[in-house]
Each structure stands twice: as C-alpha cells, then as structure tokens.
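# Descriptive analysis of the structure
Below, each chain spelled out in residue letters.
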Amino acid sequence: MATQKPQRSAEVEDVILRKIFLISLVDSMEDDSRIVYLEMTAAEILSEGKPLLLSSDLMERILIDRLSVQFPSSERPFGYLVGCYRRAHEEGKKITIMKNKIFRSELESVVRQAKKLAVSYCRIHLGNPDMFPNTEISLANKKTTSPLLPLILSEVSSSVDGFGGSSTGGELSCPPGFLEEFFRDADYDSLEPILKGLYEDLRGVVLKVSALGNFQQPLRALLMFVSFPSGAKALVNHPWWVPKGAYVNGRVIEMTSILGPFFHVSALPDNTIFKSEPDVGQQCFSVASTRRPADLLSSFTTIKTVMNNLYDGLGEVLLTLLKKTDTRESVLEYLAEVIKKNSSRSQMQVDPLSCASSGMFVNLSTVMLRLCEPFLDANLTKRDKIDPKYVFHGTRLDLWSLTAFHASSEEITEWINKDNPFEKKSDDENRLLQSQEATSSGSSAGGPLLFSNARPMSSCGGKPKYSFICECFFMTARVLNLGLLKAFSDFKHLVQELSRCEDTLSTLKAMQGQTPSPQLVLDIARFEKDIESYTQEKLCYEAQMLRDEALLQRGLTFYRLMVVWLVSLLGGFKMPLPSSCPMEFACMPEHFIEDAMELLIFSSRIPRALDGVLLDDFMNFIIMFMASPNFIRNPYLRAKMVEVLNCWMPSRSGSSVTTSLFEGHTLSLEYLVRNLLKLYVDIEFTGSHTQFYDKFNIRHNIAELLEYLWQVPSHRNAWRQIAREEEKGVYLNFLNFLINDSIFLLDESLNKILKLKELEAEMSNTTEWERRPAQEREERTRLFHSQENIIRVDMKLANEDVGMLEFSSEQITAPFLLPEMVERVASMLNYFLLQLVGPQRRALSLKDPEKYEFRPKQLLKQIVHIYIHLARGDKEKVFPAAISRDGRSYNEQLFTAAADVLRRIGEDGRVITEFVELGEKAKIAASEAMDAETALGEIPDEFLDPIQYTLMKDPVILPSSRITVDRPVIQRHLLSDNTDPFNRSHLTQDMLISNVELKARIEEFIRSQEINKHG
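Computed from a predicted model, the values in this text were never measured in an experiment.

Reading the values: rules and limits
Residues numbered from 1 in each chain as written. Predicted model: local features only at pLDDT ≥ 70, side-chain atom pairs only at ≥ 80, totals over all residues. Heavy atoms only, no water. Helix = DSSP H or I, 4+ residues; strand = E, 2+ residues; numbered from the N terminus. Rg over C-alpha atoms; globule rule 2.2 N^0.38 Å. Buried < 20%, exposed > 50% of the residue type's maximum accessible area, 1.4 Å probe, protein only. Contact = heavy atoms within 4.5 Å. Core = buried A, V, L, I, M, F, W, Y, C linked by side-chain atoms within 4.5 Å. Axes fitted to C-alpha atoms, helices over the stretch in contact; angles between N-to-C directions. Parallel < 35°, antiparallel > 145°, perpendicular 65-115°, else oblique. Left-handed = near helix turned anticlockwise from the far one by under 90°. Nonpolar A, V, L, I, M, F, W, Y, C, P; charged D, E, K, R; others polar. Polar contact = N/O pair within 3.5 Å; in protein donor to acceptor, adjacent residues only side chain to side chain. Pairing = 2+ DSSP bridges. Salt bridge = Lys/Arg side-chain N within 4 Å of Asp/Glu carboxyl O.

## As for the overall build of the chain
The number of helices and strands found in the chain is 42 helices and seven strands. Compactness check: the chain gives a C-alpha radius of gyration of 41 Å against a globular reference of 31 Å for 1015 residues, more than 25% above the reference. Once the C-alpha set of the chain is aligned to its principal axes, its extents read approximately 160 × 85 × 50 Å. Counting only residues that meet the buried cut, the chain has 51% of its 1015 residues in that class. Across the chain, every contact between residues at least 6 apart in sequence was considered, and the portion connecting residues at least 24 apart equals 75%.

## Side note on the nonpolar core
Counting residues in each nonpolar core, the largest one holds 300 residues, and the members touching the most others are Phe21, Leu148, Phe178, Phe183, Phe625, Trp648 and Phe734. Broken down by element, this core gets its largest block of residues, 15 residues, from helix H33 (residues 730-764). One finds Cys501, Leu505, Leu508 and Ile531 within the second-largest nonpolar core, a separate group that totals nine residues.

## Considering the packing of helix H30 (residues 666-682) against helix H31 (residues 691-710)
Two numbers describe how H30 lies on H31: the axes approach to 10 Å, and their chain directions differ by 155°. Here H31 runs roughly antiparallel to H30, going by the angle between their axes. Crossing of H30 against H31: the hand is left-handed. In this structure, H30 uses Leu672, Val673, Leu676, Leu677, Leu679, Tyr680 and Val681 to contact H31, whose residues at the interface are Arg699, Ile702, Leu705, Leu706 and Leu709. Here the contact of H30 with H31 is composed, by residue class, of eleven nonpolar, no polar and one charged.

## With respect to the environment of Ile883
With respect to the helices and strands, the residue Ile883 is situated in helix H38 (residues 879-884). You can call Ile883 buried: its relative accessible area is 0%. With 54 residues separating them along the chain, Ile883 and Leu829 place their C-alpha atoms 8.5 Å apart. Once residues lying within four places of it in the same chain are set aside, the contact partners of Ile883 are Ala826, Asn830, Tyr867, Tyr890, Phe895, Leu918 and Ala922.

## Topic: the side chain of Ser357
Looking at where Ser357 falls in the secondary structure, it is placed in the loop between helix H15 (325-341) and helix H16 (358-372). On the basis of relative accessibility, which here comes to 4%, the residue Ser357 falls in the buried class. There is a polar contact of 3.1 Å between the side chain of Ser357 and the backbone nitrogen of Met360. Beyond its immediate sequence surroundings of up to four residues, Ser357 is in contact with Arg251, Glu254, His264, Asp270 and Arg345.

## Focus: the sheet that holds strand S6 (residues 964-966)
The strand order across the open sheet formed by three strands is S6-S5-S7, and the pairing between neighbours is antiparallel. Only two strands of the sheet have a single partner each, and these edge strands are S6 and strand S7 (993-994). Here strand S5 (residues 955-957) runs beside S6; their pairing, made up of three bridges, is antiparallel. Bridge assignment links Pro955 to a residue of S6, and that residue is Asp966. Where helix H41 (residues 967-974) meets the sheet, its contacts fall on S5, S6 and S7, and the angle it forms with S6 comes to roughly 85°.

## As for unusual backbone geometry
A cis amide bond links Glu277 to the next residue, Pro278, at an omega of -5°. If you trace the backbone, Pro278 turns up in the loop between helix H12 (260-264) and helix H13 (280-285). The omega angle of the peptide bond from Met575 to Pro576 is 0°, so this bond is cis rather than trans. Along the polypeptide, Pro576 turns up in the loop between helix H23 (549-568) and helix H24 (583-586). If you check the backbone angles, Leu22 has positive phi at about 50° while not being a glycine. Considering the arrangement of structural elements, one finds Leu22 in the loop between helix H1 (7-21) and strand S1 (23-24). Phi is positive for Arg984, close to 65°, though the residue is something other than glycine. Positionally, Arg984 belongs in the loop between H41 and S7. When its relative accessible area of 52% is taken as the criterion, Arg984 is described as exposed.

## Let's talk about the pattern of salt bridges
Applying the stated criterion across every chain, the model contains 52 salt bridges. Measuring nitrogen to oxygen at the nearest pair gives 3.0 Å for the salt bridge that ties Glu684 to Lys695. Here Glu684, found in the loop between H30 and H31, pairs with Lys695, found in helix H31; they are eleven residues apart in sequence, far enough to count as distant. Take Glu684: its relative accessible area is 12%, and that puts it in the buried class. Residue Lys695 is classed as buried on the basis of its relative accessible area of 5%. Residues Lys752 and Glu748 are paired through a salt bridge, measuring 2.9 Å at the closest nitrogen-oxygen approach. Of this pair, Lys752 and Glu748 both sit in helix H33, separated by four residues, roughly a single helical turn. A relative accessible area of 25% means that Glu748 is categorised as partly exposed.

Remember that the coordinates give geometry; whether it matters functionally is a separate question.
As structure tokens, then:
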C-alpha cells in the first residue's frame, strides 16, 4: 500500500492543481466562472474510498474528464490546455520561494507533471481535433489555421516586424517554455501531422506578402520549427516540399511549395496575377521626382534592411537543414528541382505563368552566395574540391546540355560516352569507395561537415557522389544565371525602355507645341503613366540589388573563384595557352563566363562597388581568352570581356586600383594590345545576322581602350613592336578593317546629313508643312529624330576611327605604305578630303554640328595629319603616286582648297607647307603616270589584272579558279575576305602561286615599249 502524504502536503497539492486545471471536486459555488465542478468524477472517487483532493495520481484522469465533457462558459480545449501550462508556470514560480526543500521538491515535481500533461494533451488534441467536444475546429466555426499558430507567432514576434503591416500574433501569448517542451519531448509520429498543418499555415500567411509586409514572424517560426529534429524531418517529408505532378512548373513550385512563398517575398516587380502587398513601388517610390533625396534614401535603407533580414532567415533555414544528415539530400533535391523547372528563365522573354519570379531567384541567388562563403576565402583554398566531372556526370542538373565554351553538343555527347571514368572502375575500386563512404558517414555522428575536404566518391549505385562544396558551387552558378544576372538584364532593358519613353514623350510634347491634337494629348498622358510605372520599378530594382554592396561583392568573389577554377583546368594563369583546348574546359557552360563578365560590367558602373574586390585574376582571365577563339568560340562573349576593360579605364572608374591593372600588370603589358588588335579583326565575322552592325559597337569599345593604351608608354612601345612583327599579319588586317569602317561610317553620316537637311527644310516651310495630314507630319518628325540619333552615333564612331589612324600613323607608317595597302589608304584620305573641302561641303553645313558629333574642322586637321605622317615615313616614295592613281576622288585642286581652309582655322604653318608639298608631289606623280601610260600604248589583255584592269607587276595564279591576278590586288582582297573572288573557295596568301613566266613577259613588254619610246 502506497504511503499516504501528510495532510498539509495533500491539501497544498490539491489547491495548486485546482488553480492549474480550474477544476473542483466539491460543489462550492466558486466565484471564478472558469472553474468546472466535475460531479461525476467526484462521485467515482468517493466510491473508491478516496478523499476529494486533487493529486498527481488523479491528474491525468481529471484532465481527461474535464476535456471530454462540454461545460457552459468553459474554454475550448486548446486555449484551456495552454492556460493550464501558463498557470502551472506561475505556480512554479511561487513554489521556488518555499523554505522547506523536501516540500518544495515534491510540489515542483507536481508542477512539472502538470506542465508535461498539458503539453502532451495539446499534441493529442491538435493531432486528433475531433477527440474532445467544443473544439476550435467545429462545423459552425471552422478555422483554416492551427490554433497553435498564433501562439508561435506571438512567441517569435518583434517590435520591428512588418513595414506598414500588422502583427499576425493574435491576442494569445505563449507561456515560457511551452513551445520548447511541445516540440522537443515528442516522437516524430505524433508531431508530424501537427507540423504538416503548421507548415501549410505558415506558407499561407506569407503568400503574396511583399518586402514591406510582415513576413518576419512566419520566417522566425519556420526557423524555430527546423531547429527541432522532428520539425526539420517533417518539412522535407511534406508533400509540398517539392510539389509533384505533370503540371508542376517553376511558378507552381514558387507559389505552392512550403519555402516558395518565403522566397517570393521581394521588392522587385512581378506579374499582376502574383503581385504582393503592400505595393513597394507605390508605397516607397510614387511620384519619385517630387520626393526629397532623404526620403528616397530612407526607403532604400528600409528595403535593404528588411531584405537582408529575409536573406539571414532563409539562409539559416537552409543551413540548418543541410547540416542534418537526414535532411541534406532533400534540400539539394529541392534546389535542383527549382533550377530545372525554371531553366527557361534564361530566355529573353520569360513566361510569368510557368517561371518563378525574379524576386524569388534574386533571393535564392543571395542565399546561395551566403552558403558558398566558407569556400570563398581570399586564397580560394578549397577550389580543388570542385570536380569538373560534375558537369557531365552529375545527375541533379543538366549542365552538359547548355551551350559550351567551344564544344558542340555532339562533341560533348561523344566525349562523355567515350570517357566515363565512373563506368570503368573495377569492382575492387568500387567496393573500396563504398567502404570509405560508409566509414565517412559513420564518423560524422555529431553532424556532417559540409565544407570538409572529402573527395567525390562513388555511391552504391555506381554513380558519382560529389562533396557539398562541388554541388553548392555548380548550383549557385545556375541560380545566379537564372536569378541575379537575369534580374540585372531585366533592369538594363527596363532602363532602356524608360529612356525610350522619355525621349518619345519629349518628341510628343514638341509636336504638341507645334501642331496640337487630341490624339497627342492622349499619347502624352499614356507615356507619362508608363514613365511613372517604369520609374517605380527601376527604383525597386535599385533598392534591392544596386544598393546592396554586400550582395555585389559576394557575387564578384564567387566569380573570382569561377575564373580561377576554370583556368586551373588549363594549368593556371600563364601564356601562351596550350596548343589545343582540353575537352573538360571546352565543355564548360558558356554562361559561367558570360555571367562573370556581366556582373563585372554592372558592378563597375556602381560607385565603390569594386572596393576591396581582387581584380587581378579577372584581368588575367580576360587577357588570356578575349582573343582565343579556339578556347571560347562565341565572339560576343569575348567582346564582353573588352566591355569590362572599357569600364575599368581610369577615366571611367576613377580608381587607382584599375589603373594598376593596365599599367603595372605583367600579362597586360605583354599581351593586352596584341589581343585587342586580334579581336578587332576577329569580330568582323561573328556568324550572327546582325554581325555587320554589331561589329561597330564592339570596335567602339576596343577603339576607346586602344586610344587610352597609346597614351601609356609601355603599351605604346608594345604596339609599335607588334606593328613591326605583324606587319603582314594581324596588324595589316587591323588597319584594313579600321579603314573600311572609317569610310563606311563617314559616308553614311554625310549622306544622312543631306537627308536630314531635306527633312529640316520640309519642316521649316510652315505653310506647306501645316497642309500635310497630321499622321504624315508625325511620321516625318519621328524619322527626323531617328536620323539625328543615327548620325550622332555614326559620326562618333567615325571620329574615333579617324583619330586612331591619326595618332598611330605618327609613329607607325610602314604597314600603311605596303603595296597591298597604300592605294587603299590614299583613296580613303582623298575621299574624306573631297567631302570636307570639295564642291558639296556647303551642303553639309548644319545649324548645330556639335549636336551630331560633326566637327568638320577637327576632321580636316586629322585627315591632313595622316597625309603628313605617311609622307614623312615614305622612304620608297610610293605615297604621292598612290594618291594620284585614285581615279574616284583625287583632284589636285583639293590640296589647294584644303590648305586655304587650314589657314583660316589656324593650323600650324609647317603642317600646311608639308601638305602643299605633298600635293605638288602627287601632281608630278600623276603627270609621270600619264606619260608612262602613253608610252606603253595598248597593253595586251593577258597583262591586265582582271579585277582592277591595271597592268600587273607581280602576277599570281589562284589555285582553285586558276585565274591570274596582280599580287597586291588579291592581297588587298584577302585582308577582308579569305575566298577566291571568282568561285568563293577558301584562299589565303600562302596559297598564291607566282606566275614567273607571265611576270617575265610583262617586264619584257615594258622594256620593249621604253626602248621604242626613246628609240
């Protein structure tokens, strides 16, 4: 028989338990309406011969009876049980001040039992809501969320939750220790249905909440759940962890998975269907032009702060799950599924119904970069843990199917099938690897080391298993491509569209001022509305991405690891490159480098974004590959590298860090000019249908860099050395394309100026102009502004090209004077001279030429300087004759006219004198050429070049068509086109066959004619 407690102890225990459970076994007409008289229970206890005192032995019995019967005015089960726990906690605090240690210990044990019982029945009730009557989930008042949720949200609430949002915590507060005991001391099976509902509830709370809404309480609740082993396991086992089904796409995962809505929280614009509230653009940036800078800065700071809170929380959630052995694989599967289902985000046009939002992917990009931080140390010491075979044999991502650096998809497939080391391992090797894996797993009972140095191993299925560093690296690269870099691209297009709208609005207002119409009023209102919307979106992008320096720097650090790792596949940063491109490098996805270059370009245009970033490795990479089509095939990708360098020029970056990259960098001093000249040539043929126009933009960037490098003595010396070494090679090709571009751009500009003046004349004739239909006037006005823009761009490019010819010809003249080039150069200069001082020069006069980058005086000086530079270097005296042989533009009077203009605009007298002397020499050469032509008389057709129809001096046979042409003529052709002009077959200079016999006959013919003349 159990020892009975002392009377006083039993009475105190009864009092405490009655206070905790609000139960009485005696009908004493209590004042507290919450207290329930358990009449039937009291009768049963009396029948058993026991006193009507509550005790630890009766505790569970009376609690079940209290919950099983519906009493008037009584609390609902969940609220009642939480109240029991709270009252037990309060009674426990009172007990601590008791002096009798034995008595205090007994009562503390009773209180602990009461708390444990309350928690246990909370779990039972939530897991089986129909077990007790009068539940929260009744037919009359069915709630959609767990009654536990408000308690959790109140526990994790903070005074800074939400920006303009309201708390979701409700009135019910959480007793201290309740949640810890609820989740910690239960088995998984009892918690799993409760957690399943809670995860669904949290997802619903945060669904369509923007950065200014209250997402922080649900996020902290999520973090609290996954901190418990059962909570983490329940999350990854939830059916909505990775939604399944035939119709699941990227957007479905974002909106229906448990984590998706958390990642959707953003300041970035989204499709109207999925738009979140509060509207960030409206609330922070409406009518931005009228707001004070301090107000805008405050909005930027707020958004940056709340987004970093989101990143911190989501990063901690994923890291917690990744550290647990039983949940890590599920996290990697989730990330892989998100990436695969959103692969079409890499396209120019993204379907918002099938792809997740930019907000989700920018958030995911940021979180992934944070996960990478442990292996992004300054020395990149863990880069050898990144296995390139993951691209070909990894099963999570289809990296091998993406456009590669150099290899085609067929070549990649053939190489993978031929060279699969994991399929060739012997049984002994596989058993050894499996044993190592088992040993590794068994030794990590205290939690896996995510960033350990373990090498990739083979799993039991024979497929390769990769370290977390390797998986995280490649997943981050894909997420950045689909997320952060795609968002940067969207932002760039948004800014362009905003600029276009502003230009159009300006044009419409100008037209409204001249010829008002109701339609113009509507158009102006529409464009003003669009501009307001675009401005809000632009500022949202700026707030979340451009203002987040830490985000940009993490991204740049990741891509530094990328370029260092890629170069390690070739043996490190050294030149020259290997003679052939290894397949491991050739098969790497092209976007790895494109994304790195895009981020560098974007960051370089943001003040101080490059501060602290180690740029030397990027510089090395760019110099190594920008002129290496055998390693990186895509010319546009190599051109993007030049765009990076263009942003780093000291005049643009304003940073001494970038200056040292150009002026004190070993590879730069040796290879930069050479590779820029080579790329200038390579970019002539990109393979794109827009290649003709693309090359001008790319060469514009190259020209700006070359102009800067010419001013650096060490680079200028390298340039002169290249001109000597490559006189007949890349440098001659460079000059040829430079001259081609100069002629085309200036010709186009001048012709468009004539058309522009015609339009200007039409519009200035007010009477005639007003008679035209409004639509025709609008079209002609648009054409006028379009022509203005084209002239401005073309003239700017032409000025750059002529400027480069001017400064380079001062010290490098030999290539200009080669037989295959000298006549081409002379014809170009003569043509420019004709345009600038010839009969039509007055037709080119503009009211505001500077507006169109048209500076005829400066242009004339530059042309004359080129003439003078080449004349000074003309040791063979071939230049005057080449000038005079130009039958299209040469006129001896042009030199006199140009000299007159030069005197009027204040050119140096010595330059004018040299120029006039050159004109005289050309005049003499023309006279001598005419005499020589007369002396030769009628020349046999077989001695005439079939292309130029001039007497051949060095005849050569074309190997394919077998036609004989003059060597300088075909060499000039081959500078632009490596084909036989008669049958389009491949042709290079080394394939030309000297026609020795014909050359001897021509020389004999010339001698005989001279003898006859003098004879």
